[in-house]
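Analysis of the macromolecular model
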Amino acid sequence: MTTTTTYIAFLRAVNVAGRTVRMERLRALFTELGLDEVRSYIQSGNVFFRTAEPDRAALARRIEEHLAEALGYPVPVMLRTVDEVAELLAAEPFAGIEVTPEIRLVVNFLSEPLPADFPVPYTSPKGDYEVVGADAGAAYVVIHLKDGKWRAGGKLFGPTYRGSATARFLHTTVKILAAARKS
């Protein structure tokens, strides 16, 4: 009996900075790879699918290569199982931190863990964000808005981080998980 896994693909750089792709096209690209029950949620690059592929890293590379070839630009892919996202949320990484008009809670899905020398917790020199926690697959960031905008620039996790990251607001991550659980 073949075991299938439901993944959520968190895509970086989809529908930002002129890199637009309709979700219908994105679902078709995933389907072309032989992935099953492909669905998407909102326009920011969240794709759900089922597969029996046992090698997650190879699957992510295959998706990235296919998207780059079809779209003409690189699209880093962070794959998480539905159970992994549920466990992440159940751990309440932002416990005790309240969302206000000046504060946003962001889950940064990582392609690789943060460097061992990156201090956690960490507050940026300007105080515009804090990394309040991290695990192998995600960093938990509190954004401090200035005049209603996030003004942080540069490398969020320092110059030694070589991986990719894609951010989702905590409340959006909850909605993504709920949508992924629907059949």
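Above this text is the structure in question.
Residues numbered from 1 in each chain as written. Predicted model: local features only at pLDDT ≥ 70, side-chain atom pairs only at ≥ 80, totals over all residues. Heavy atoms only, no water.

1. As for the pairing of strand 8 (residues 138-144)
Regular strands have side chains that alternate between both faces of the sheet. Under the convention used in this document: Buried means the residue's accessible area, taken with a 1.4 Å probe over protein chains only, is under 20% of the maximum for its type, while exposed means over 50%, and partly exposed covers the values in between. Going along the chain from the N terminus, every DSSP run of H or I of four or more residues is numbered as a helix, and every run of E of two or more is numbered as a strand. Here, strands pair whenever DSSP counts at least two bridges between them.
For strand 8, a buried count of 7 out of 7 residues is recorded, marking the element as mostly surrounded by other parts of the structure. Across the two faces of strand 8 the burial is the same, with Ala138, Tyr140, Val142 and His144 and Ala139, Val141 and Ile143 all buried. Judged from the 5 bridges that link them, strand 7 (residues 129-134) and strand 8 form a sheet pairing that is antiparallel. Paired with Ala134 across the two strands is Ala139, which belongs to strand 8.

2. Looking at unusual backbone geometry
Cis peptide bonds are those with omega within 30 degrees of zero, and the linkage from Val120 to Pro121 qualifies with 5°. Along the polypeptide, Pro121 turns up in the loop between strand 5 (103-110) and strand 6 (122-123). In the Ramachandran plot, Glu37 falls in the positive-phi region, its phi being about 50° despite a non-glycine side chain. Although it is not a glycine, Glu92 adopts a positive phi angle of roughly 50°. Looking at the secondary structure, you find Glu92 in the loop between helix 3 (82-90) and strand 5. Residue class for Glu92 comes out exposed when judged on its relative accessible area of 54%.

3. Details of the layout of surface pockets
To locate leftover empty space, one rolls a probe as large as a water molecule over the atoms. Just so we agree on the cut-off: In this analysis, the protein atoms alone were mapped onto a 1 Å grid. Cavities are point sets where a 1.4 Å probe fits without being able to get out; pockets are open sets with protein on both sides within 12 Å along at least five of seven lines; lining residues have an atom within 4 Å of a point. Grid points are joined across faces, edges and corners, and a volume is the space filled by probe spheres set on the points. Residue polarity follows a fixed list, in which Ala, Val, Leu, Ile, Met, Phe, Trp, Tyr, Cys and Pro are nonpolar, Asp, Glu, Lys and Arg are charged, and the others, Gly among them, are polar.
Looking at the largest pocket, its volume works out to about 750 Å³. In terms of lining residues, the largest pocket is bounded by 31 residues, among which Arg12, Asn108, Ala165, Thr166 and Ala167 are the most central. Secondary structure elements with two or more residues in the lining of the largest pocket: strand 5 and strand 9 (165-169). For the lining of the largest pocket, the element with the highest residue contribution is strand 9, accounting for 5 residues. Residues that form the lining of the largest pocket fall into these classes: 16 nonpolar, 11 polar and 4 charged.

4. Section: the packing of aromatic side chains
For clarity, the cut-off: Centre distance within 6.5 Å is the pairing criterion for rings of Phe, Tyr and Trp, where only the six-membered ring of Trp is used; planes under 30 degrees apart are then read as stacked, over 60 as edge-to-face, and the remainder as tilted.
Per the stated rule, a full pass over the model turns up 8 aromatic pairs. Relative to Tyr129, the ring of Tyr122 lies with its centre 6.2 Å away and its plane at 50°, an arrangement referred to as tilted. Assessed through its relative accessible area of 22%, Tyr122 is described here as partly exposed. Arranged with centres 5.7 Å apart and planes meeting at 80°, the rings of Phe157 and Tyr161 form a pair that is edge-to-face. Exposure class is identical for Phe157 and Tyr161. Each is buried. Grouped by ring-pair contacts, the aromatic residues Phe118, Tyr122, Tyr129, Phe157 and Tyr161 constitute a single cluster.

5. A few points about helix 1 (residues 23-32)
Applicable threshold: Relevant arc is that of directions from the helix axis to the C-beta atoms, nothing else. Any two residues whose heavy atoms approach within 4.5 Å are treated as being in contact.
Within the sequence span of helix 1, burial applies to Met23, Leu26, Leu29 and Phe30. Taken end-on, helix 1 shows its buried residues confined to a sector of 115°, consistent with a single buried face. Of the surrounding elements, those touching the buried residues of helix 1 are strand 1 (5-11), strand 2 (36-41), strand 3 (46-51) and helix 2 (56-71). Directly after helix 1, the chain includes Gly34, whose backbone phi takes a positive value near 85°.

6. A word on the pattern of salt bridges
As a reminder, the rule being used: By definition, a salt bridge exists where a carboxyl oxygen of Asp or Glu is found within 4 Å of a side-chain nitrogen of Lys or Arg.
Tallied over the entire structure, the rule returns 3 salt bridges. Note that Arg50 and Glu37 form a salt bridge whose closest N and O atoms lie 3.9 Å from each other. Within this pair, whereas Arg50 is found in strand 3, its partner Glu37 is found in strand 2, the two being separated by 13 residues in sequence. Judged by its relative accessible area of 25%, Arg50 is partly exposed. Note that Arg56 is salt-bridged to Glu84, the shortest N-O span being 2.7 Å. Taken as a pair, Arg56 in helix 2 and Glu84 in helix 3 lie far apart in primary sequence, 28 residues in all. Its relative accessible area of 27% is what places Arg56 among the partly exposed residues.

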